[in-house]
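Below, each chain spelled out in residue letters.
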Amino acid sequence: MLHILYIIAIIAEAMTAALSAGRRDMDWVGVCIIAWVTALGGGTVRNILFNHYPMSWVEHPEYLLITAAAAILAAVIARFMSKMKTLFLYLDALGLVVFTIIGCQVAQAINLPTTIIMLSGMITGCAGGVLRDVLCNEVPLLFRKEIYASAAIVTGAVFLGLEHFGISEVISMIIACIIGLALRLLSIRYNWQMPKFVYREEWH
Amino acid sequence: MLHILYIIAIIAEAMTAALSAGRRDMDWVGVCIIAWVTALGGGTVRNILFNHYPMSWVEHPEYLLITAAAAILAAVIARFMSKMKTLFLYLDALGLVVFTIIGCQVAQAINLPTTIIMLSGMITGCAGGVLRDVLCNEVPLLFRKEIYASAAIVTGAVFLGLEHFGISEVISMIIACIIGLALRLLSIRYNWQMPKFVYREEWH
Amino acid sequence: MLHILYIIAIIAEAMTAALSAGRRDMDWVGVCIIAWVTALGGGTVRNILFNHYPMSWVEHPEYLLITAAAAILAAVIARFMSKMKTLFLYLDALGLVVFTIIGCQVAQAINLPTTIIMLSGMITGCAGGVLRDVLCNEVPLLFRKEIYASAAIVTGAVFLGLEHFGISEVISMIIACIIGLALRLLSIRYNWQMPKFVYREEWH
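Residues numbered from 1 in each chain as written. Chains lettered and ligands numbered in written order. Predicted model: local features only at pLDDT ≥ 70, side-chain atom pairs only at ≥ 80, totals over all residues. Heavy atoms only, no water.

1. A look at the overall build of chain A
Within chain A one finds nine helices and zero strands. By the compact-globule yardstick of 17 Å for 204 residues, chain A fits well, its C-alpha radius of gyration being 17 Å. Considering chain A as a whole, with its 204 residues, one finds that 59% of them fall into the buried category. Across chain A, every contact between residues at least 6 apart in sequence was considered, and the portion connecting residues at least 24 apart equals 74%. Surface exposure of chain A reaches about 8,200 Å², of which carbon and sulfur atoms provide 67%. (Helix = DSSP H or I, 4+ residues; strand = E, 2+ residues; numbered from the N terminus. Rg over C-alpha atoms; globule rule 2.2 N^0.38 Å. Buried < 20%, exposed > 50% of the residue type's maximum accessible area, 1.4 Å probe, protein only. Contact = heavy atoms within 4.5 Å. Areas by Shrake-Rupley, 256 points an atom, 1.4 Å probe, with all protein chains shown as cover.)

Written out as structure tokens, the structure reads:
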């Protein structure tokens, strides 16, 4: 079940990433690389930081083919995708919570402390988008946009909290996903923002 | 033989990287770091992704000294290098195919699946240039330029294909290098491009 | 003692990093992430390159909490921090030499060659700031600013040189820190620069 959601999520991430690549006039190789980095980069960064090998896409090279195909499809049907903007924002939000839960589970499996389990969820959910923005030469949206990383933190916290109080993994996961998803979608709908820190003085 | 070509390639990569650093007014420390990242970064990224340690430059610290010396030399003789632009484009293309073959061999040695072997070749050939562009605050050229990553993929595919049909490693390597080099040089000569995906709509 | 200096250094790095985040209008999540990357990124990059696990912040998750708290404090008292600009420049210089010494010691502990020990010191001292600048979409200051990476190299060289001549680790460390700190502070005071390489020709 989580696996099916994961596949849906990496396809959705790859497709929206392709549009980011298109905004920078990338060729089709660039489109595929941006899609890989966005869809698979979060888990990859997490695995590097926690020395957890092999990478999922080394064990399942079909993930690379699926995401590349999705990205090229997105480039072909870009005009049509714009009309499904809302669907893709929903799928992206789904991806965020699914990646976050998976990141928490990976960190739990290697017995990391609680703070790090939540961080692992956040990294898995968010780092792909950060790498995409760095490669597209933009300040990562994550750092400035609506509730995004915060939704990952809440998802992880709810998941761990419920498990802590003896609720089964599956139920905890479902509740955490629903809460995280609701938070993310409401923040898009009502344009909720975290407080911003604006500072203009130069020191150098 | 491959080792000698490798040394020539990292020197050439370090020298052209130094010019990129010069375009951003970097000091000599910056020039060296950009040269290291460009010449040695591809193999380093590959090794991190596939948990393959130690790094070549940890085992052979002389690579760091050679590339730093080459970069500083390039900064000194920059005016003269412009006149040898074609030579350096050729050496850069040589570096691409040599790095790619080495990347494929490393992945073969640790028994990775075929898709991943080709990806390993592409990462080894291309990631150094991507890191250089990220550190110079540019959208990676790789994602927009003539046939570059594609030449790496073709080189890897020919190499693996020939080996698959029972041709010896050395012969496969030579043929793959010649084809990859020809593809890259012809794409520079005739300005071949991969189809570009241009998309202008903002979603945010 | 070195541990106490390390804690002071990561707090100072986190606080100045928060101001960089504020220059890019980041929200409070972005501020924390930039602070983590700047304060803990150097050691993290070093550990990844040398396959040295676990990360310090996985063993001591309190480092994440301390640096996040310091960053948010800095955002709150930003106006007041400007008045203590000199203090923070001093603390940043202290951080540079402390991180450098720690980086050298880690590399020594895993028996790396001398060149790599010095490089490890430089990476530990400098990579956090490079990551910060990449995430803030700027050409890394390190590559263009006053004596910074060079101060790390000198600190490492003095430390290793003194140890080589039989001087105790503690004395070597103290002398290296004083010399590195003096070099860095004098370079700020008198605006010393490494020679710059300025190159304008485009090859592409």
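Having seen it, we continue.
2. What to know about the interface of chain C and chain B
The interface of chain C with chain B comprises 34 residues on the first partner and 39 residues on the second. Together, the buried faces of chain C and chain B total about 3,200 Å²; carbon and sulfur atoms form 69% of this surface. On the surface where chain C and chain B come into contact, there are zero salt bridges. Inspection of the region where chain C meets chain B yields four residue pairs in polar contact (both at pLDDT 80 or more). At the level of elements, helix 2 (28–49), helix 7 (114–135) and helix 8 (149–164) of chain C are the ones that each hand at least two residues to the side of chain C that touches chain B. With six residues, helix 7 of chain C is the largest single contributor of residues to the side of chain C that touches chain B. Here the residues of the side of chain C that touches chain B sort into 22 nonpolar, five polar and seven charged. (Buried area = accessible area lost by both parts, 1.4 Å probe. Salt bridge = Lys/Arg side-chain N within 4 Å of Asp/Glu carboxyl O. Polar contact = N/O pair within 3.5 Å; in protein donor to acceptor, adjacent residues only side chain to side chain. Nonpolar A, V, L, I, M, F, W, Y, C, P; charged D, E, K, R; others polar.)

3. Quick notes on the interface of chain B and chain A
Facing 34 residues of chain B, the contacting portion of chain A comprises 39 residues. Where chain B touches chain A, the interface holds zero salt bridges. Breaking the side of chain B that touches chain A down by element, the ones donating at least two residues are helix 2 (28–49), helix 7 (114–135) and helix 8 (149–164) of chain B. Per-element tally for the side of chain B that touches chain A: the top contributor is helix 7 of chain B, with six residues. Class assignment for the residues of the side of chain B that touches chain A results in 22 nonpolar, five polar and seven charged.

4. Here's the deal with the packing of helix 6 (residues 85–109) of chain A against helix 9 (residues 169–189) of chain A
Two quantities define a packed helix pair, namely the angle between the axes and the distance from one axis to the other. Residue and element names in this part refer to chain A. Viewed as axis vectors pointing N to C, helix 6 and helix 9 meet at an angle of 140°, and their least axial separation amounts to 9 Å. Considered as vectors, helix 6 and helix 9 are oriented oblique to each other. Where helix 6 crosses over helix 9, the handedness of that crossing is right-handed. Listed contacts from helix 9 to Leu89, Tyr90, Asp92, Ala93, Leu94, Leu96, Val97, Ile101 and Gln105 of helix 6 are Glu169, Met173, Ala176, Cys177, Gly180, Leu181, Arg184, Leu185 and Ile188. A breakdown of the residues in the contact of helix 6 with helix 9 according to their chemical character gives 13 nonpolar, two polar and three charged. (Axes fitted to C-alpha atoms, helices over the stretch in contact; angles between N-to-C directions. Parallel < 35°, antiparallel > 145°, perpendicular 65-115°, else oblique. Left-handed = near helix turned anticlockwise from the far one by under 90°.)

5. Observations concerning the packing of aromatic side chains
In total, this model carries 15 aromatic pairs over all chains according to the counting rule given. A centroid spacing of 6.0 Å and a plane angle of 65° characterise the contact between Phe50(A) and Trp57(C), whose relative ring orientation is edge-to-face. Pair noted here: Phe50(A) is in the loop between helix 2 (28–49) and helix 3 (56–59) and Trp57(C) is in helix 3 (residues 56–59), and the two residues belong to different chains. Taking relative accessible area as the criterion, Phe50(A) reaches 9% and is therefore assigned buried. Put simply, the rings of Tyr6(A), Tyr63(A) and Phe99(A) touch in pairs and so form one group of aromatic residues. One cation-aromatic arrangement involves Arg189(A) over Tyr190(A); the distance from NZ or CZ to the ring centre is 5.0 Å. (Phe/Tyr/Trp six-rings, centres within 6.5 Å; stacked < 30°, edge-to-face > 60°. Lys NZ or Arg CZ within 6 Å of the ring centre and 35° of its normal.)

6. Topic: the relation of the copies chain B and chain A
Take chain B, turn it by 120°, move it 0.0 Å along the axis, and it overlays chain A with an RMSD of 0.0 Å. With respect to symmetry, the two chain copies, as superposed, fit the operation of a three-fold axis. No C-alpha of chain B lies nearer the rotation axis than that of Asn137(B), which sits 3.8 Å from it. (Least-squares fit on C-alpha atoms with pLDDT ≥ 70 in both.)

7. Here's the deal with the UniProt feature "transmembrane region" (unreviewed entry) in chain A
Residue and element names in this part refer to chain A. In the UniProt entry, the feature "transmembrane region" (unreviewed entry) is given for residues 6–22, 29–50, 62–80, 87–110, 116–135, 147–167 and 173–192. Counted over residues 62–80, helix gives 95% and strand 0%. Its end C-alpha atoms are 26 Å apart. Helix makes up 100% of residues 116–135 and strand 0%. Its end C-alpha atoms lie 26 Å apart. (UniProt positions renumbered as here; feature names shortened; annotations may be inferred.)

8. A look at empty space enclosed by the protein
Tallied over the entire structure, the rule returns three cavities of 30 Å³ or more. In this structure, the second largest cavity encloses a volume near 70 Å³. What lines the second largest cavity is Val134(A), Asn137(A), Glu138(A), Asp133(B), Val134(B), Asn137(B), Glu138(B), Val134(C), Asn137(C) and Glu138(C). Looking at the lining of the second largest cavity, its residues break down into three nonpolar, three polar and four charged. (1 Å grid on protein atoms, 1.4 Å probe; cavity = no way out; pocket = protein on both sides within 12 Å on 5 of 7 lines; lining within 4 Å. Points joined across faces, edges and corners; volume = space filled by probe spheres on them.)

9. Thoughts on a nonpolar patch on the surface
Together, Ile167(A), Ile171(A), Ile175(A) and Ile179(A) make up a nonpolar patch on the protein surface, roughly 290 Å² of accessible area in all. Inspection of the secondary structure puts Ile171(A) in helix 9. (Patch = residues over 30% accessible without salt bridge, like charges linked within 9 Å, V, L, I, M, F, W, Y side chains within 5 Å.)

10. Overview of the environment of Leu64(C)
Relative to the helices and strands, Leu64(C) resides in helix 4 (residues 62–76). For Leu64(C), a relative accessible area of 4% translates into the label buried. Expressed as a C-alpha distance, the spacing of Leu64(C) and Ile33(C), which sit 31 residues apart in the sequence, is 9.6 Å. Contacts of Leu64(C), omitting those with residues within four sequence positions, involve Ile116(A), Leu119(A), Trp36(C), Leu40(C) and Trp57(C).

11. So, the nonpolar core
Ranked by internal contacts, the top residues of the largest apolar core, which has 231 residues, are Trp57(A), Tyr6(B), Trp57(B), Tyr6(C) and Trp57(C). Sequence-distant contacts of Tyr6(C), that is, excluding residues within four places in its chain, are made with Leu40(C), Ser56(C), Tyr63(C), Val98(C), Phe99(C) and Ile102(C). (Core = buried A, V, L, I, M, F, W, Y, C linked by side-chain atoms within 4.5 Å.)

12. Concerning the pattern of salt bridges
All chains considered together, the criterion is met by six salt bridges over all chains. Taking the shortest distance from any N to any O, the salt bridge between Arg132(A) and Asp133(A) comes out at 3.1 Å. A relative accessible area of 13% places Arg132(A) in the buried class. A residue is classified by how much of its surface remains accessible, and Asp133(A), at 2% relative accessible area, is buried. Linking Arg24(C) and Glu138(C) is a salt bridge whose minimum nitrogen-to-oxygen distance equals 3.4 Å. Here the residue Arg24(C) occupies a position in the loop between helix 1 (2–23) and helix 2, and Glu138(C) occupies one in the loop between helix 7 and helix 8, the gap between them amounting to 114 residues. Taking the relative accessible area as the measure of exposure, Arg24(C) reaches 24% and is therefore partly exposed.

13. Re the state of the cysteines
Residue and element names in this part refer to chain C. Counted according to the given criterion, the structure contains zero disulfides over all chains. Free cysteine Cys126: the closest other cysteine sulfur is in Cys104, separated by 11 Å. Look at Cys126 and you get buried, because its relative accessible area is 7%. Just so you know, Cys136 is unpaired, no disulfide at all, and the nearest cysteine sulfur is the one on Cys32, 14 Å from it. Relative accessible area serves as the criterion here: at 2%, Cys136 is assigned to the buried category. (Disulfide = S-S within 2.5 Å.)

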